[in-house]
Amino acid sequence: MLLLTIESSCDETAAAVVRDGRIVLSSIVASQAAVHAEYGGVVPEIASRKHMEAVSVVVDQALEQAGVSLDAIEGVAATQGPGLVGALLVGICTARALAWAKGVPVVGVNHIESHLLAAFLEQPVEFPFVALVVSGGHTHLYLVEGVGRYRTLGQTVDDAAGEAFDKSAKLLGLPYPGGVLIDRLAAEGDPAAVKLPRPLLHDGTLDFSFSGLKTAVLTHLRHHPDAAEGQALNDLCASFQAAVCEVLVHKTRAALRETGVRRLVVAGGVACNSGLRREMAAMADTEGVILHIPSPALCADNAAMLGVPGDFYLSAGYRSGTIDAIPTWPLDAMAARLAGGG
Ligand code: KG4
Ligand code: ZN
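Only a predicted model underlies this, so the values are computations on that prediction, with no experimental measurement involved.

Here's the deal with the overall build of the chain
On a plain count of helices and strands, the chain comes out with 12 helices and 10 strands. For 342 residues, the compact-globule formula gives about 20 Å, and the C-alpha radius of gyration of the chain, at 20 Å, lands near that figure. When burial is assessed residue by residue, the chain has 55% of its 342 residues classed as buried. A sequence separation of at least 24 residues applies to 73% of the contacts in the chain between residues at least 6 apart. For the chain, the exposed area adds up to about 13,700 Å²; of that, 54% sits on carbon and sulfur atoms. Separation between the mean location of the 24 positive side-chain charges and that of the 36 negative ones in the chain comes to 4 Å.

Points about the state of the cysteines
Applying the stated rule across the entire model yields zero disulfides. Counting only cysteine sulfurs, Cys237 is the nearest neighbor of Cys245, a cysteine outside any disulfide, at a range of 12 Å. What makes Cys245 buried here is its relative accessible area of 1%. Cys299 takes part in no disulfide bond, and the closest cysteine sulfur to it belongs to Cys272, at a distance of 5.0 Å. On the basis of relative accessible area, Cys299 is assigned to the buried category, the value being 0%.

Here we look at the sheet that holds strand E2 (residues 12-19)
Taken in spatial order, the five strands make up an open sheet running E3-E2-E1-E4-E5, and their pairing is mixed. Bordering the open sheet on either side are strand E3 (23-31) and strand E5 (106-110), each of which pairs with just one other strand. Averaged over all pairs of adjacent strands, the angle between strand axes in this sheet comes to 20°, irrespective of strand direction. Alignment of strand E1 (residues 2-7) against E2, held across six bridges, turns out to be antiparallel. Within E2, the position partnered with Leu2 by the bridge is Arg19. Docked against the sheet, helix H2 (residues 44-66) engages E1, E2 and E3, running at close to 25° with respect to E2.

Overview of the packing of helix H8 (residues 230-259) against helix H9 (residues 274-287)
The N-to-C vectors of H8 and H9 enclose an angle of 30°; their axes lie 10 Å apart at closest approach. Judged by the angle between their axes, H8 and H9 are roughly parallel. Crossing of H8 against H9: the hand is right-handed. Of the residues in H9, those touching H8 at Gln241, Cys245, Glu246, Leu248, Val249, Thr252, Arg253, Leu256 and Arg257 are Ser274, Gly275, Leu276, Glu279, Met280, Met283 and Glu287. For the contact of H8 with H9, the class distribution of residues is seven nonpolar, four polar and five charged.

Details of the site of ligand 1
Around ligand 1, the structure places 18 residues, and the nearest of them are Gly136, Asp166, Asp183, Gly269 and Asn273. Separating an oxygen atom of ligand 1 from a backbone N or O atom of Gly162 is a distance of 3.2 Å. Interatomic distance of 3.0 Å between a side-chain N/O atom of Asp301 and an oxygen atom of ligand 1. Protein contacts shield 86% of the accessible area of ligand 1, which totals 550 Å² for the unbound molecule. Of all the elements in the fold, those that place two or more residues in the shell around ligand 1 are helix H4 (111-117), helix H5 (161-171) and helix H6 (179-186). Its residues assigned to classes, the shell around ligand 1 shows five nonpolar, 10 polar and three charged.

Quick word on the environment of Ala118
Within the fold, Ala118 resides in the loop between H4 and strand E6 (129-134). Counting along the chain gives 181 residues from Ala118 to Cys299, while the straight-line C-alpha distance between them is 7.4 Å. Setting aside its immediate chain neighbours within four residues, Ala118 contacts Pro294, Leu298 and Met305.

Notes on the layout of surface pockets
Estimated volume of the second largest pocket: approximately 170 Å³. Looking at the second largest pocket, it is lined by 13 residues, and the ones nearest its centre are Ala186, Ala238, Gln241, Gly275 and Arg278. Residue assignment for the lining of the second largest pocket shows that the elements contributing at least two residues are H6, H8 and H9. Within the lining of the second largest pocket, the residues separate by chemical class into six nonpolar, four polar and three charged.

Structural notes on the environment of Gly81
For Gly81, the position within the fold is in strand E4 (residues 75-81). For the pair Gly81 and Asn110, spaced 29 residues apart in sequence, the C-alpha to C-alpha distance is 5.4 Å. Residue contacts for Gly81: discarding those within four places in its chain leaves Leu88, Val109, Asn110, His111, Ile326 and Trp329.

Structural notes on the pairing of strand E7 (residues 139-146)
Counting buried positions along E7 gives seven out of eight residues, so the element sits mostly inside the fold. Between E6 and the antiparallel strand that follows it, E7, lie four residues. The turn joining E7 and strand E8 (residues 149-155), which pair antiparallel and follow one another in sequence, is formed by two residues; a positive phi near 85° is taken by Gly148.

Definitions and limits used
Residues numbered from 1 in each chain as written. Chains lettered and ligands numbered in written order. Predicted model: local features only at pLDDT ≥ 70, side-chain atom pairs only at ≥ 80, totals over all residues. Heavy atoms only, no water. Helix = DSSP H or I, 4+ residues; strand = E, 2+ residues; numbered from the N terminus. Rg over C-alpha atoms; globule rule 2.2 N^0.38 Å. Buried < 20%, exposed > 50% of the residue type's maximum accessible area, 1.4 Å probe, protein only. Contact = heavy atoms within 4.5 Å. Areas by Shrake-Rupley, 256 points an atom, 1.4 Å probe, with all protein chains shown as cover. Lys, Arg positive; Asp, Glu negative; His and termini not counted. Charge placed at Lys NZ, Arg CZ, Asp CG, Glu CD. Disulfide = S-S within 2.5 Å. Pairing = 2+ DSSP bridges. Axes fitted to C-alpha atoms, helices over the stretch in contact; angles between N-to-C directions. Parallel < 35°, antiparallel > 145°, perpendicular 65-115°, else oblique. Left-handed = near helix turned anticlockwise from the far one by under 90°. Nonpolar A, V, L, I, M, F, W, Y, C, P; charged D, E, K, R; others polar. Near = heavy atom within 4 Å. Polar contact = N/O pair within 3.5 Å; in protein donor to acceptor, adjacent residues only side chain to side chain. 1 Å grid on protein atoms, 1.4 Å probe; cavity = no way out; pocket = protein on both sides within 12 Å on 5 of 7 lines; lining within 4 Å. Points joined across faces, edges and corners; volume = space filled by probe spheres on them.

If you want it as structure tokens, here you go:
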């Protein structure tokens, strides 16, 4: 099935053409990050407006790059949630209008499910696997037994990992989205320079907590006003990144041991982080676990990743009639769709 996919859940307007849920013929991402940087974070109303300006442009570019016309498209998928309602509606309405005009089926897909299945675009992944999804809004460990069959093993009780990166970056005077800048500065710093907490490291659960880490960064800055400059900034970034990565790796190892599953997928924007990729690879190596981390372009928000669940649900006969935006949409709820509802 040749699918056109549209993503607009946050501040990236993206479109892609994907064949059979596996082969990416094109993937276009228009980022609004520079616009939101001025405000220190995503402004929902601006996001919706920018999506409206960009959506038909990225769809046209995706078709052109793939070398196919809209007439060749056999189905359309759009992100239905979780995300910003106004932003989601732009992608959903565009997908529905195109599908209606061309008489092809349309399906709304879950953004987190798309992140989690993105690895399939690069290589086959056998079920079951443990998945760590780390993004701006999510830090979740799942046991994945099949497409649509997800069991939450643990999750953050407060900030998501990406949120912790971005909020700490803001405290350090770095522009939004700061995660990637912390990663860059950390490469020049000493991860042992600043002692930061490892929240919930040994609490015996698979849950995470990152809000205290951000407070620890703030406290350090109060005591060391020069810490947001020069080598001290590099050291603080390296120490912060090391703390986040240690907790993520520790809990993921625990999830693998508890479930006895020998395959791991790490996905979402924070999976672009070089320290996390390195440390997950080292852990997987010592645990004898097969690790799949998509290349960075497939970890950050993109539309190609929608091709995997989009193709799966459309091929299984699932059709979305009206598509409401779903701002909060836990993955556990996808089982209802498999059962013929949802
Ligand atoms: O998945 P994503 O692109 O959007 C959401 O679904 O939220 O994730 C965005 C998050 C942001 O918090 C961003 O700062 C973070 O991923 N991120 C990173 C890196 N690249 C993106 N965090 C740490 N290191 C990076 N290299
Ligand atoms: Zn995302």
